[in-house]
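A structural walkthrough
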Amino acid sequence: SSHVDPSGQLLQQHTGPMAVRRHMVPRRGTMRSVTAAAVAVAALAAAALPRGANADKETHTYKDAEKVVVWTDKVGPYNNPQETYKYDTLGLCELEGSDIEVQQGELSIGEALEGHEFFSSPRLDVRFGVETPTTKLCNMVLTAEKAASISTMINDNYWYQLYMDDLPIWAFVGEHSKFGVDVSRFSHLLRDRNGTETAVQAGMPPVPKHLKGKPLPRVFTHRHFTLFRNKDQVIEVDMEPSNAWPVYEGAPLNFTYSAVWYTTDKPFSDRTSRYLDPKFFEHKVHWFSIVNSFMLSLFLIAVVAIILMKTLKRDFTRYASNEDELESLDGGDESGWKQVNGDVFRRPDHLAVFTVLYATGIHIMCTVFIVLLFAIFNSYYSTRGATASSFVIAYLITVLAGGFEGGRVFRMFGGQHWKRTMVYQALFLPGVCFASFVVINTTAIMYRATMTVPFKTIMIIVVLFLVLCVPLHTGGTLLGRRAAKDRSFPCRVHHLKRPIPTKHWAFTPAMIAIAGLVPFGCLFIEMYFILSAVWSHNKIYYVYGFMLAILCLLCLVLVCVSITCTYVLLNAEDYRWQWQSFLCCGATSVYVFLYTIHYFFNSTQMTGFLQTVYYFGTSLNFCIGLGLFSGSLGFAGASKFVFLIYSNIKAE
């Protein structure tokens, strides 16, 4: 359904990930050994990996008149998607009273990280296939404190979220109005059908005279549920709030609900497709982003292939000739990349720091590709918390790749204290995430927001890290060192360093800035769609094929840029190509972060300290990961290029 905000703009319901589980039963068992932990992770992976909705007798099939549990989730201001609070923050009578038993739902890791918090609503007695007439939910009289709180929420456009059979429902708490009439769509339908006011409205006392005509916010007091079934399964759930009543001290609020059922032929497996927005994500502009990236990558590949291959062919001819032929070709020119063959494989400065960054980037790269590959064949949006859970599982599994590359490169360049460096590699990314997590989580605790990660979830992640990441990273490092044991450089490293010719002070910064801007041109259109899905209520990113295509093209562009910059640097007789290739490609993340700042101020209406901290903290983490991803790929491409060209010359 749709709702109208105070400005008259039509607002669609927010759609987000939803799970394939109706009853959230607390998990049993503890991690008592490494084997038990591995089994637990395997089970978690099986549950967290995205999959389509599958019917199950225990969770998604109902008998006639069987109760369909309504789970309350969270509330928050519409303009701040991540500023959410517990449902009972509303202060309504729905979950209050000693005559009911409210159950709390158990959360998976992904659900906890996404800020969900489930409580059942026992007073909402919705039965499968049974139409429910207007039924009393609860009654309350607003105190001055509650009236002020609810008024503030309505003025801030607070919305709340419910789940029925793991299908999400979104609605506003109330509406802005200056008059003592009900303007909700459902109430108009009832009046048109019956020709009279509803029983609920008829039983309400009139608004006090001294408040009539004043711009009072109005809270919705009636919920009308519309449900669709296919045999014994729930296919669609919708809810229309109505009967808006002014909010003031002493206002009597009589909350009610009703429900109607309809049959449909829509299959259970397609029930989450209604939450997608193909008009937005499959727009021509999105296709243009792929074409733009493809043409940019083709252009760069052609430039690298034509210019570099022709230049390298001339260089190989010149370097392979004897002295007389060399003089006849270019007058005895002794400049170029061949002159640094005795230093090009020299150990880079700060090798430990470099391998830590490189290993982390490779780890992130493997994690992202695994998550995207699974996302293409499964539907993350149909499983609540699947995205966050899949990242956790993929990170745990791919730590082996990061350890392997870190150990291999560190030994290849003759690094010392490899055990200490291995520890740094294992702790660097968790340390960065922990630092930002402390800031964001502390802010969420201060605001008592649902984005606060429970202590239990934190401990589970820590245990998984110690039980899986540490052993796998150690094993990967040992394998990487063994792989580099018998490998030698194409050219011998001289004992004395060759002096590097003096360059203009702006040479290196300009190269890094220009090199980082080129891949950003391949990425920025896709970034708009990703940011729109993450920082809005009514967008779900589901076109993972688009993202994988853009990512592959981005990788090609990064490798081409890295090779070009490395060749230019070596031709300037500067053999410090390792850091240069890493920084040239990693600079893309700086432009992405600048774009997130532009998006925050120009494409959102976010306000408040909590939402600002969450936005920029998350964006900074994303850009750090992107920088490590891009830089590591740039170094890997440059490394292959350097090994290739120096293995084909006659080094003196």
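Just so you know, these numbers come straight off a predicted model, no measurement behind them. (Residues numbered from 1 in each chain as written. Predicted model: local features only at pLDDT ≥ 70, side-chain atom pairs only at ≥ 80, totals over all residues. Heavy atoms only, no water.)

Secondary structure summary: the protein chain contains 17 helices and 12 strands in total. Relative to its 652 residues, the protein chain shows a buried fraction of 53%. The contacts of the protein chain with a sequence gap of at least 6 include a subset with a gap of at least 24, amounting to 83%. For the protein chain, the exposed area adds up to about 30,500 Å²; of that, 62% sits on carbon and sulfur atoms. (Helix = DSSP H or I, 4+ residues; strand = E, 2+ residues; numbered from the N terminus. Buried < 20%, exposed > 50% of the residue type's maximum accessible area, 1.4 Å probe, protein only. Contact = heavy atoms within 4.5 Å. Areas by Shrake-Rupley, 256 points an atom, 1.4 Å probe, with all protein chains shown as cover.)

Below, the discussion takes up a nonpolar patch on the surface. Taken together, Val291, Phe294, Met295 and Leu298 make up a surface patch of nonpolar side chains, about 360 Å² in accessible area. For valine 291, the location among the structural elements is in helix H7 (residues 284-320). (Patch = residues over 30% accessible without salt bridge, like charges linked within 9 Å, V, L, I, M, F, W, Y side chains within 5 Å. Salt bridge = Lys/Arg side-chain N within 4 Å of Asp/Glu carboxyl O.)

Moving on: helix H12 (residues 455-483). Between the first and last C-alpha of H12 there are 40 Å, a value that for 29 residues agrees with the 42 Å anticipated at 1.5 Å per step. Approximately 35° is the largest bend angle found in H12, and it occurs at phenylalanine 465. Among the residues of H12, those classed as buried are Thr457, Leu464, Phe465, Val467, Leu468, Cys469, His473, Gly476, Thr477, Gly480 and Arg481. (Expected span 1.5 Å × (residues − 1). Bend = angle between axes of the 7 residues up to and from the residue.)

Ranked by internal contacts, the top residues of the largest apolar core, which has 155 residues, are Met164, Phe225, Tyr541, Leu570 and Tyr646. Here this core takes 17 residues from helix H14 (residues 544-571), the largest share from any one element. Non-local contacts of methionine 164, meaning those with residues more than four positions away in its chain, are made with Val68, Val69, Val70, Val126, Ile169, Phe225, Leu227 and Val237. (Core = buried A, V, L, I, M, F, W, Y, C linked by side-chain atoms within 4.5 Å.)

Evaluated as defined, the whole model comprises 16 salt bridges. Among the salt bridges present, the one from glutamate 96 reaches lysine 146, with a minimum N-O distance of 3.5 Å. One end of the pair, glutamate 96, is in the loop between strand E4 (85-86) and helix H2 (109-113); the other, lysine 146, is in helix H3 (residues 144-155), and 50 residues separate them in sequence. For lysine 146, a relative accessible area of 27% puts it in the partly exposed group.

It is worth spelling out unusual backbone geometry at this point. With a phi close to 55°, histidine 350 is a non-glycine residue in the positive phi region. Among the secondary structure elements, histidine 350 is positioned in the loop between helix H8 (323-330) and helix H9 (351-377). Note on histidine 350: relative accessible area 61%, which makes it exposed.

It is worth spelling out the packing of aromatic side chains at this point. One pass over the structure, following the stated rule, counts 31 aromatic pairs. Summarising the aromatic geometry, the rings of tyrosine 528 and phenylalanine 529 are spaced 5.7 Å apart at their centres and angled 75° between planes, so their arrangement reads as edge-to-face. Judged by relative accessible area, which is 3%, phenylalanine 529 ranks as buried. On the basis of an interplanar angle of 50° and a centroid distance of 4.6 Å, the ring pair of tryptophan 535 and tyrosine 615 is categorised as tilted. Taken together, the positions of tryptophan 535 in the loop between helix H13 (507-534) and H14 and tyrosine 615 in helix H17 (residues 609-646) put the pair 80 residues apart, joining distant regions of the chain. Given the relative accessible area of 7%, tryptophan 535 is considered buried. (Phe/Tyr/Trp six-rings, centres within 6.5 Å; stacked < 30°, edge-to-face > 60°.)

Let us now look at the state of the cysteines. Inspection of the entire model under this criterion finds 1 disulfide. The disulfide bridge from cysteine 93 ends at cysteine 138, spanning 2.0 Å between sulfur atoms. Negative torsions about the S-S bond denote left-handed disulfides, and the value of about 75° found for cysteine 93 with cysteine 138 makes this one right-handed. Here the residue cysteine 93 occupies a position in the loop between E4 and H2, and cysteine 138 occupies one in strand E6 (residues 132-141), the gap between them amounting to 45 residues. With relative accessibility at 6%, the residue cysteine 93 sits in the buried group. Looking at cysteine 138, the relative accessible area reads 6%, which means it is buried. (Disulfide = S-S within 2.5 Å.)

Below, the discussion takes up the packing of H9 against helix H10 (residues 386-412). Closest axis-to-axis distance for the H9/H10 pair is 7 Å, and the angle between their directions is 145°. Where H9 crosses over H10, the two elements pack in a sense that is right-handed. (Axes fitted to C-alpha atoms, helices over the stretch in contact; angles between N-to-C directions. Left-handed = near helix turned anticlockwise from the far one by under 90°.)

The subject of this paragraph is the pairing of strand E10 (residues 217-230). Within a regular strand, the side chains alternate between the two sheet faces. Within E10, 13 of the 14 residues are buried, which leaves the element mostly enclosed by the surrounding structure. Two strands pair when backbone bridges link them, and strand E9 (residues 174-176) and E10 are joined in this way by 3 bridges, in the antiparallel orientation. Among the inter-strand pairings, glutamate 175 is bridged to a residue of E10, identified as arginine 218. In this structure, E10 lies alongside strand E11 (residues 233-246), joined through 12 bridges in antiparallel fashion. Residue pairing in the sheet places leucine 227 in a bridge with valine 237 of E11. Between E10 and E11, which pair antiparallel and follow one another directly, the connecting turn spans 2 residues, one of which, lysine 231, has a positive phi of 60°. (Pairing = 2+ DSSP bridges.)

A residue-level look at the protein chain finds 82% of positions with pLDDT of 70 or above and a mean pLDDT of 82. Between residues 1-57, whose pLDDT stays under 50, and residues either more than four places distant or in other chains, the model counts 140 contacts. (pLDDT = per-residue confidence, 0-100.)

In this section: the environment of leucine 400. Mapped onto the elements, leucine 400 comes out in helix H10. Of the residues examined, leucine 400 reaches a relative accessible area of 36% and is grouped as partly exposed. Non-local contacts of leucine 400, meaning those with residues more than four positions away in its chain, are made with Leu472, Gly475 and Gly476.

Of note, tyrosine 395 is situated in helix H10. Placed 31 residues apart in sequence, tyrosine 395 and isoleucine 364 show a C-alpha to C-alpha distance of 7.5 Å. Not counting residues within four places of it along the chain, the set of residues in contact with tyrosine 395 comprises His363, Thr367, Leu429, Pro430 and Cys469.

What follows concerns the packing of H10 against H12. Taken N-terminus to C-terminus, the directions of H10 and H12 make an angle of 35°; their axes are 6 Å apart at the nearest point. The way H10 lies across H12 gives a crossing that is right-handed. Grouping the amino acids of the contact of H10 with H12 by side-chain chemistry returns 14 nonpolar, 8 polar and 3 charged. (Nonpolar A, V, L, I, M, F, W, Y, C, P; charged D, E, K, R; others polar.)

Of all 6 residues making up strand E8 (residues 167-172), 6 are buried, and the element is well covered by its neighbours. Burial along E8 is two-sided: Leu167, Ile169 and Ala171 and Pro168, Trp170 and Phe172, pointing in opposite directions, are all buried. As defined by bridge partners, strand E7 (residues 158-164) adjoins E8 across 6 bridges and the pair is classed as antiparallel. Paired with methionine 164 across the bridge in E8 is leucine 167.

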